[in-house]
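Next come the chains, spelled out residue by residue.
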Amino acid sequence: MQQKIKTPLKFLPQWKALEAHHMKIGRTHLRDFFAADNGRGEEMTVEAAGIYFDYSKHRVKTETIKLLAGLADASGLRASIEAMFTGKRINVTEGRAALHIALRAPKGSSVMMDGENVVPKVHEVLEKMEAFADRVRAGGWTGHTGKTIKNIVNIGIGGSDLGPVMAYEALRNYSQRGLTFRFVSNIDGTDFAEAVVDLDPAETLFIVASKTFTTQETMTNAGTARDWALARLKDKEAIAKHFVAVSTNAAKVSEFGIDTANMFGFWDWVGGRYSMFSAIGLSTMIAIGPENFRAMLDGAREMDEHYRTAPFEKNLPVLMGMLGVWYNNFFDAQSIAVLPYEQYLKRFPAYLQQLTMESNGKRVTLEGRPVDYQTGQVYWGEPGTNGQHSFYQLIHQGTKLIPCDFIAFSKPVHKLGRHHDLLMANVFAQASALAFGKTAEELKKEGVKDWLIPHKTFEGNRPSTTMLLDELTPAALGRLVALYEHCVFTQSAIWQVGPFDQWGVELGKALAGRIAPELEAKDEPKLAHDSSTNALIRRYRAAKG
Ligand code: G6Q
């Protein structure tokens, strides 16, 4: 669908106003911002949907936030949010809606898409998932030999893997400990081999999670899983008991040999990386139980409602998105570090990498015009405090500006001696050290030798957000995920790019499809790639013998 031509971003008066504002305050040090206003640390905070969001350690003034909100407004963000929530086909290059918010809409409510309320079918699938999850959890789902299912292996990749594995790791303490969960995604056979090395096929259930049911990695792994199971169970009938599917493609599911009665559906308006609250979350539901899964949906919904209704200057996803734009486009910051001070969130940065980078890693606008400004940032991170002993050096004293998202919880999941106080002391200390640094004068007063002073000086002025939540519960995870989802959407509206397609993954897939038979051919194939690829293929063929 051809898009209405928008005023190019850099022509907007609100953009120009921000450029002028940046010239004025871009070099001001956070020390001076704080010195000028004693109340800053409490005023520049917003509390919503269970998240205390402290953005005072950002290189902004109240006026900056106003100007950024003006830009978001001029970008049509309000209308874009409404278009998303009302099921418009905002994924224009694929002609689809992006209605993940409907996945967490309460029973009885209404979210319309092409004149149809989609909420009843969302709940129909949720109820089917619940009945299944309850049965597996209660030991009522037995395998082909009558043994109880004890192992769940999710086979999927990208959006059909990263959400489930992240949520399982995050909510492990809520999981049924008698069940073992494994996640297989990579086409590298090691992934499958290691996942099943200690499992008994008679006690193992595979969830083949694939929206399309055609993805090379997933279908190859699913085929290998079927061979592995049948090699021991020796009866094709066993597939019905040991394989279920999550997909939108019933024909392919049935072709694979899975009974479509054991298929959990979703719809084309759920994008892969926005699908962890759909049936793609089946493994999560089996792990944590239907009640906890519902609590996770409720948490996400709270954030959805906040996003749809709160004014931009008090709106967490909007604030987060605008701050990203501020550094990305006015300070040339290339990346954002996500630093959860919660070990259970160890896969959260990896999950966010897909959500953010596959969504906003775009170089043309929705109208197809090349952009003349930076779009999606590089997201990366690790849980604290581990990162402190590794890459924080570069954030503190390196030459790059890396805004940080600190995520912390007031209550620990495990109360163990002093651990949580020490963990929290570290997160508060890092945000403070980054912002305020340590001057040469301070070092001199401490008696540090002159020649060491440059090495020990911390310039500071390194921005961060601190997000403080109560405890890592299913609801808290739901809120966090929805926060970042909507942050991504906010930025896409400002950058005028489409966040719901991913054409950039296609070229490599197509080429791999051409190269695979060349690697496998018995006779020397005629190669017509570039000289480097040709040479690599020849070398590989010779080496593998
Ligand atoms: C996500 C992408 C991509 C997708 C995988 C798996 O937004 O579309 O990561 O999730 O390629 O696709 P299938 O679920 O169709 O196997």
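Fair warning: this is a prediction, and the values are worked out from it, not measured in the lab. (Residues numbered from 1 in each chain as written. Predicted model: local features only at pLDDT ≥ 70, side-chain atom pairs only at ≥ 80, totals over all residues. Heavy atoms only, no water.)

Caption draft 1: Just the overall build of the protein chain, in detail. Tallying secondary structure elements over the protein chain gives 22 helices and 13 strands in all. Relative to a compact globule of 545 residues, whose C-alpha radius of gyration would be 24 Å, the protein chain shows 25 Å and is just as compact. Principal-axis analysis of the C-alpha atoms gives the protein chain an extent of 75 × 60 × 60 Å. Counting over 545 residues, the protein chain shows a buried share of 53%. Looking at the protein chain alone, contacts between residues at least 24 apart form 74% of all its contacts between residues at least 6 apart. Accessible surface, the protein chain as shown: approximately 24,000 Å² in total, 52% of it carbon and sulfur. (Helix = DSSP H or I, 4+ residues; strand = E, 2+ residues; numbered from the N terminus. Rg over C-alpha atoms; globule rule 2.2 N^0.38 Å. Buried < 20%, exposed > 50% of the residue type's maximum accessible area, 1.4 Å probe, protein only. Contact = heavy atoms within 4.5 Å. Areas by Shrake-Rupley, 256 points an atom, 1.4 Å probe, with all protein chains shown as cover.)

Caption draft 2: Representation of the packing of helix α4 (residues 62-74) against helix α14 (residues 316-330) within the structure. Contact pair α4 / α14: the axes reach a minimum separation of 10 Å and the direction vectors enclose 100°. Considering the angle they form, α4 stands roughly perpendicular to α14. Every residue of α14 that contacts α4 at Thr64, Ile65, Leu68, Ala69 and Ala72 is listed here: Leu319, Met322, Leu323 and Trp326. Split by residue class, the contact of α4 with α14 holds eight nonpolar, one polar and no charged. (Axes fitted to C-alpha atoms, helices over the stretch in contact; angles between N-to-C directions. Parallel < 35°, antiparallel > 145°, perpendicular 65-115°, else oblique. Nonpolar A, V, L, I, M, F, W, Y, C, P; charged D, E, K, R; others polar.)

Caption draft 3: Structural view of the site of the ligand. In the vicinity of the ligand lie 13 residues, with Ser160, Ser210, Thr212, Thr215 and Gln354 positioned nearest. The contact in question runs from an oxygen atom of the ligand to an N or O atom on the backbone of Gly159, over 2.9 Å. The contact in question runs from an oxygen atom of the ligand to an N or O atom on the side chain of Thr215, over 2.5 Å. Relative to its unbound accessible area of 410 Å², the ligand is 86% covered by the protein chains. More than half of the atoms belonging to the ligand lie within 2 Å of the grid points that define the largest pocket. Among the residues making up the shell around the ligand, the classes are represented as one nonpolar, nine polar and three charged. (Near = heavy atom within 4 Å. Polar contact = N/O pair within 3.5 Å; in protein donor to acceptor, adjacent residues only side chain to side chain. 1 Å grid on protein atoms, 1.4 Å probe; cavity = no way out; pocket = protein on both sides within 12 Å on 5 of 7 lines; lining within 4 Å. Sits in = over half its atoms within 2 Å of the grid points.)

Caption draft 4: Looking closely at helix α8 (residues 189-196). Within α8 the residues assigned to the buried category are Phe192, Ala195 and Val196. Down the axis of α8, the buried side of the element spans an arc of 80°, and every buried residue falls inside it. At its buried positions, α8 is contacted by β6 (180-184), β7 (204-209) and α9 (216-233). (Arc of directions from axis to C-beta.)

Caption draft 5: Representation of the nonpolar core in the model. Among the nonpolar cores identified, the biggest contains 130 residues, and Trp269, Ile286, Phe348, Ile407, Leu477 and Tyr484 are the most heavily contacted of them. Ranked by residues supplied to this core, first place goes to helix α20 (residues 474-495) with 13 residues. (Core = buried A, V, L, I, M, F, W, Y, C linked by side-chain atoms within 4.5 Å.)

Caption draft 6: Structural detail: the layout of surface pockets. Computed from the structure, the largest pocket encloses a volume of approximately 940 Å³. If you trace the largest pocket, you find 34 residues lining it, with Thr215, Glu358, Gln502, Val505 and Lys509 closest to the centre. For the lining of the largest pocket, the secondary-structure elements that each account for two or more residues are α9, α15 (348-360) and α21 (506-520). Ranked by residue count, the leading element in the lining of the largest pocket is α21, at five residues. (Points joined across faces, edges and corners; volume = space filled by probe spheres on them.)

Caption draft 7: Structural detail: the packing of aromatic side chains. A complete count under the given rule lists 25 aromatic pairs for this structure. An angle of 45° between the planes, with centres 6.1 Å apart, marks the rings of Trp15 and Tyr373 as tilted. Here Trp15, found in helix α1 (residues 13-25), pairs with Tyr373, found in the loop between α15 and β11 (378-380); they are 358 residues apart in sequence, far enough to count as distant. The same class applies to Trp15 as to Tyr373, namely buried. An aromatic cluster of three or more residues is present, and its members are Trp15, Trp326, Tyr327, Phe330, Phe331 and Tyr373. (Phe/Tyr/Trp six-rings, centres within 6.5 Å; stacked < 30°, edge-to-face > 60°.)

Caption draft 8: Spotlight on the sheet that holds strand β9 (residues 263-265). With parallel pairing, the five strands of this open sheet are ordered in space as β6-β5-β7-β8-β9. Across the chains shown, the open sheet's two edge strands, defined by having one partner strand only, are β6 and β9. Between one strand and the next, the sheet's axes are offset by a mean angle of 20°, whatever the strand orientation. Inspection of the sheet shows β7 paired to strand β8 (residues 243-247) by four bridges, in the parallel sense. Paired with Val208 across the two strands is Ala245, which belongs to β8. Where α9 meets the sheet, its contacts fall on β5 (151-155), β6, β7 and β8, and the angle it forms with β7 comes to roughly 160°. (Pairing = 2+ DSSP bridges.)

Caption draft 9: Local environment of the pattern of salt bridges. Under the definition given, this model contains 25 salt bridges. Between Glu82 and Arg308 there is a salt bridge, and its shortest N-O distance comes to 2.8 Å. Placement of the pair is Glu82 in helix α5 (residues 77-85) and Arg308 in helix α13 (residues 290-309), with a sequence separation of 226 residues. According to the relative accessible area criterion, Glu82 is partly exposed, its value standing at 31%. Among the ionic contacts, a cluster of salt bridges with common partners joins Glu94, Arg96 and Asp268. (Salt bridge = Lys/Arg side-chain N within 4 Å of Asp/Glu carboxyl O.)

Caption draft 10: Layout of the side chain of Thr45. Along the polypeptide, Thr45 turns up in strand β1 (residues 45-48). Among the residues examined, Thr45 registers a relative accessible area of 12% and is labelled buried. Engagement of the side chain of Thr45 in a polar contact is seen with the backbone oxygen of Glu42, the distance being 2.7 Å. Discounting chain neighbours no more than four positions away, the residues touching Thr45 are Tyr52, Phe53, Asp54 and Tyr55.

Caption draft 11: Spotlight on unusual backbone geometry. Cis rather than trans, the peptide bond between Gly384 and Thr385 has omega equal to 5°. For Thr385, the position within the fold is in the loop between β11 and α16 (392-397). Even without being glycine, Phe213 reaches a positive phi, approximately 60°. Of note, Phe213 is situated in the loop between β7 and α9.

Caption draft 12: Spatial organisation of the packing of α5 against α13. Orientation of α5 relative to α13, taken along the N-to-C sense of each, is 140°, at an axis distance of 10 Å. Taken together, α5 and α13 sit at an angle that is classed as oblique. Taken together, the residues of α13 that come into contact with α5 (itself represented by Leu77, Arg78, Ile81, Glu82, Met84 and Phe85) are Asp304, Tyr307 and Arg308. The residue inventory of the contact of α5 with α13, partitioned by class, reads five nonpolar, no polar and four charged.

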